[in-house]
Amino acid sequence: MGILERIKEIEAEMARTQKNKATEYHLGQLKAKIAKLRTQLLEPPKGASAGGDGFEVTKFGHGRVALIGFPSVGKSTLLTMLTGTHSEAASYEFTTLTCIPGIIHYNDTKIQLLDLPGIIEGASEGKGRGRQVIAVAKSSDLVLMVLDASKSEGHRQILTRELEAVGLRLNKRPPQIYFKRKKTGGISFNSTAPLTHIDEKLCYQILHEYKIHNAEVLFREDSTVDDLIDVIEGNRKYIKCVYVYNKIDVVGIDDVDNLARQPNSLVISCNLQLNLDRLLARMWEEMGLVRVYTKPQGQQPDFGDPVVLSSDRGGCTVEDFCNHIHRSLLKDVKYVLVWGTSARHYPQHCGLGHGLEDEDVVQIVKKKVGYSFFLIAQ
């Protein structure tokens, strides 16, 4: 029996099992088995060469955004409008067969936008080019899930389910669970918050399913069985996602209002070029990019070429700013002067741990090299 057949068999057993207090331990074990099988499904076959048939492109710019959606929802048209890069668009499905990159110039930054081929239901199991598309999405800082406003709401659930099946967690934060394998000592189970979804016995059963008999587990919040499995697997990617509903010009105003009020959602029309400016602003907010301008001593600030930082790519402190300029700069820093919204007064003397905000101006004062003269008695 293959991996896919075993997954479907376990899913059928979970669907038949009633959810109650007596069956929660059995369901927890079945969830752990499915997670292990999905991980095996994503691993390359043994004996395969290192080079795959993916279409990964080189990272460029200060951030990366991936367009994901079903075929013929307007991804290629959106890429052309935002970046000027031509991506073939037609009235038939699967027009785009490979990854097409483009660059958005916005607020003195460069954001790489990737137009990926449309994925279909079952992409996480290898249908179409689903695995390659999802692999590229894992390397992105933000996912734009492009949906057709005239289609059913089920498309959003299908795409979310396909992405979560391969380890992508959309608009979620990592669970507050401390987990560490040990060589001896058995399993240590502790919690600092009341647990309503999992107990010590269920935790032991899930760990034994992974053949883990010596480990330390600490729950810092009321987590679920799925959260514990994600921590044990250790290969989950937590990424922000914005649901972009295209083609709002073909539906009624009430439907547009309902879609716009959903969480993490935005409505646009590529045909009439509606709300594209708001889409760019929303991308900027979600990526959390911070522009920092440099000021040489005794000169005016350089507002032409900012240093762009982000919490997802290194951090936004003064130390991260210095490392971004040059790794050897840290040991020569005496103190730093900061102007901007992060400073209490202008200028403020700051240390390396000071957090920078958007459009701050930074001047680095370096240590002076001293010389000692010794008088040698003749």
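Before reading on, note that the structure itself is shown above.
Being a predicted model, the structure only gives us computed values, none of them experimental. (Residues numbered from 1 in each chain as written. Predicted model: local features only at pLDDT ≥ 70, side-chain atom pairs only at ≥ 80, totals over all residues. Heavy atoms only, no water.)

What follows deals with the sheet that holds strand 6 (residues 177-181). Read from one edge of the open sheet, three strands run 6-8-7, paired in mixed fashion. Each edge of the open sheet is held by one strand with a lone partner, namely strand 6 and strand 7 (187-191). Mean inter-strand twist for the sheet, computed between neighbouring axes without regard to direction, equals 5°. By the bridge criterion, five bridges tie strand 7 to strand 8 (residues 215-219) in an arrangement that is parallel. Looking at strand 8, one finds that Ile187 is bridged to Ala215. Each of strand 6 and strand 8 is contacted by helix 7 (residues 225-233), which is oriented at about 40° to strand 6, the strand it contacts most. (Pairing = 2+ DSSP bridges. Helix = DSSP H or I, 4+ residues; strand = E, 2+ residues; numbered from the N terminus. Axes fitted to C-alpha atoms, helices over the stretch in contact; angles between N-to-C directions. Contact = heavy atoms within 4.5 Å.)

To continue, consider the nonpolar core. Across soluble globular proteins, nonpolar side chains have a tendency to be buried as a group. Val65, Ile68, Leu78, Leu144, Met145, Leu279 and Met283 are the most contacted members of the largest nonpolar core, which totals 55 residues. Ranked by size, the runner-up nonpolar core spans 22 residues in total, among them Phe189, Ile212, Val231 and Ile232. (Core = buried A, V, L, I, M, F, W, Y, C linked by side-chain atoms within 4.5 Å. Buried < 20%, exposed > 50% of the residue type's maximum accessible area, 1.4 Å probe, protein only.)

Attention shifts here to the packing of aromatic side chains. Counting across every chain of the model gives three aromatic pairs. For the ring pair Tyr106 and Trp284, a centre distance of 6.0 Å and an interplane angle of 65° mean the geometry is edge-to-face. One end of the pair, Tyr106, is in strand 2 (residues 100-106); the other, Trp284, is in helix 9 (residues 276-287), with 178 residues separating them in the sequence. When its relative accessible area of 12% is taken as the criterion, Trp284 is described as buried. Positioned above the aromatic ring of Tyr243 is the side chain of Arg156, whose terminal nitrogen or guanidinium carbon lies 3.6 Å from the ring centre. (Phe/Tyr/Trp six-rings, centres within 6.5 Å; stacked < 30°, edge-to-face > 60°. Lys NZ or Arg CZ within 6 Å of the ring centre and 35° of its normal.)

Position of Thr85 among the secondary structure elements: in the loop between helix 3 (75-83) and strand 2. On a C-alpha basis, the gap between Thr85 and Ile100 in space is 8.6 Å, while along the polypeptide they are 15 residues apart. With sequence-adjacent residues up to four places away left out, Thr85 is seen in contact with Leu79, Thr80, Ile100, Pro101, Gly102 and Ile103.

Now for the pairing of strand 3 (residues 109-115). Across the seven residues that make up strand 3, a large majority, six, are buried. Across five bridges, strand 1 (residues 63-69) lies against strand 3 in parallel orientation. Bridge pairing in strand 3 links Val65 to Leu113. Sheet topology places strand 2 next to strand 3; seven bridges connect them, and they run antiparallel. Paired with Ile104 across the bridge in strand 3 is Ile111. Linking strand 2 to strand 3, which pair antiparallel, is a turn of two residues; within it Asn107 sits at a positive phi near 50°.

Geometrically, the link from Tyr346 to Pro347 is a cis peptide bond, its omega value of -15° lying close to zero. Along the chain, Pro347 falls in the loop between strand 13 (333-339) and strand 14 (348-350). Unusually for a residue other than glycine, Asn107 sits at a positive phi of about 50°. Inspection of the secondary structure assignment puts Asn107 in the loop between strand 2 and strand 3. Since its relative accessible area comes to 30%, Asn107 is described here as partly exposed. Here Lys211, not a glycine, exhibits a phi torsion of approximately 60°, which is positive. Looking at the secondary structure, you find Lys211 in the loop between helix 6 (200-209) and strand 8.

Turning to the side chain of Arg282, a few remarks are in order. Considering the arrangement of structural elements, one finds Arg282 in helix 9. Look past the residues within four positions of Arg282 in its chain and what remains in contact with it is Val242, Asn264, Ser265 and Leu266.

Below, the discussion takes up the pairing of strand 11 (residues 290-294). The buried fraction of strand 11 amounts to four of the five residues, a majority that puts the element mostly inside the structure. Relative to strand 15 (residues 360-366), strand 11 runs parallel, the two being bridged by three bridges. If you follow Val292 over to strand 15, its bridge partner there is Asp360.

Contact pair helix 6 / helix 7: the axes reach a minimum separation of 11 Å and the direction vectors enclose 35°. Of the two possible hands of crossing, helix 6 and helix 7 adopt the one that is right-handed. Residues Leu202, Cys203, Ile206 and Leu207 of helix 6 form the contact with helix 7, whose own contacting residues are Val225, Leu228, Ile229 and Ile232. Looking at the contact of helix 6 with helix 7 residue by residue, the class counts come to eight nonpolar, no polar and no charged. (Left-handed = near helix turned anticlockwise from the far one by under 90°. Nonpolar A, V, L, I, M, F, W, Y, C, P; charged D, E, K, R; others polar.)

Positionally, Val338 belongs in strand 13. For Val338, a relative accessible area of 0% gives the class buried. C-alpha separation for the pair Val338 and Val292, spaced 46 residues apart in sequence, amounts to 9.9 Å. Val338 has contacts with Ala343, His345, Pro347, Gln348, Cys350, His354, Leu356, Asp360, Val361 and Val362, leaving out every residue within four places of it along the chain.

Once that is clear, we can look at the sheet that holds strand 14. Spatially, five strands are ordered 12-11-15-13-14 in an open sheet, and the strand pairing comes out mixed. Among the strands making up the open sheet, the edge pair consists of strand 12 (302-309) and strand 14. Pairwise comparison of adjacent strand axes, ignoring direction, gives a mean angle of 40° for this sheet. Looking at chain direction, strand 13 and strand 15 are connected through six bridges and run antiparallel. Residue pairing in the sheet places Val336 in a bridge with Ile364 of strand 15.

Geometric descriptors of this kind do not, in isolation, establish any biological role.
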